[in-house]
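Okay, here's what each chain looks like letter by letter:
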Amino acid sequence: MGVQQPAVPSDLPYGSKPLIALSALFYVWSLPRFQTALAGRLDPGVDLGVHTLVRELILFGPQRPSTVAERLGKSRSNMSKVANRAIDAQLVLRRGEDGDARSVVLDLTAAGQALGADALKIGDTMMDELVEGWSAEELEMWTNLTHRLSVAAADYATRLMADTSVEDGPPGGAEQPR
């Protein structure tokens, strides 16, 4: 039995055609099997959580564990476990933060830097394959429009998060489960 191609949802009930197209793309790219297969191209012996941490650090540099946890939507406890696995794999290290001896940041080791660089190359190769056959003009237009959309999405997210807070609880004032 071969690998089944993920179904691309094309009949999503949004009224916005751009949102349908983006949701379909996000759906495929966020599938755990897709993410695991992509990470497996790098180092099949390292789990997806560690790969995600390495990618975060190669893209955004050394960070406090609590910052990484927040950015990735993980609990501090879960992030600590992922960081420990990355440290055991000699991909990440904890070091004192400059100017504050009590605080630590997660940083990449030389092996983590190499794995992160390979992850970026695999991403570039994947993207080259996905847009194969596109003209230079199509690729430039898509890139510019996607960048504009990313900036607008970041602005929207900033406004949305300023209006609501996870700490405020769920919408409608319902009690949070304990």
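Here, the structure is the one placed above.
Criteria and thresholds
Residues numbered from 1 in each chain as written. Predicted model: local features only at pLDDT ≥ 70, side-chain atom pairs only at ≥ 80, totals over all residues. Heavy atoms only, no water. Helix = DSSP H or I, 4+ residues; strand = E, 2+ residues; numbered from the N terminus. Polar contact = N/O pair within 3.5 Å; in protein donor to acceptor, adjacent residues only side chain to side chain. Contact = heavy atoms within 4.5 Å. Core = buried A, V, L, I, M, F, W, Y, C linked by side-chain atoms within 4.5 Å. Buried < 20%, exposed > 50% of the residue type's maximum accessible area, 1.4 Å probe, protein only. Axes fitted to C-alpha atoms, helices over the stretch in contact; angles between N-to-C directions. Parallel < 35°, antiparallel > 145°, perpendicular 65-115°, else oblique. Nonpolar A, V, L, I, M, F, W, Y, C, P; charged D, E, K, R; others polar.

Caption draft 1: View of the side chain of T109. Structurally, the position occupied by T109 is in the loop between β2 (100-108) and α6 (110-130). Within the structure, T109 has its side chain in polar contact with the backbone oxygen of Q90 (distance 2.6 Å). Contact partners of T109, with chain neighbours within four places excluded, come to Q90, L91, V92 and L93.

Caption draft 2: Structural context of the nonpolar core. Counting residues in each nonpolar core, the largest one holds 16 residues, and the members touching the most others are V50, L53, V54, L57, L91 and V92. Elements with a contribution of two residues or more to this core: α3 (48-60), α4 (65-72), α5 (76-88) and β2. Residues within four places of V54 in sequence aside, it is in contact with L91, V92, L108, G112, L115 and G116.

Caption draft 3: Looking closely at the packing of α3 against α4. The interhelical angle for the contact between α3 and α4, taken along N-to-C directions, is 105°, at an axis separation of 11 Å. With respect to α4, the element α3 is oriented roughly perpendicular. Residues T52, L53, E56, L57 and F60 of α3 form the contact with α4, whose participating residues are V68, R71 and L72. Of the residues in the contact of α3 with α4, the class split is five nonpolar, one polar and two charged.

Caption draft 4: Focus on unusual backbone geometry. With a phi close to 60°, Q90 is a non-glycine residue in the positive phi region. In this fold, Q90 is placed in the loop between α5 and β1 (92-97). By relative accessible area, which is 59% here, Q90 ends up exposed.

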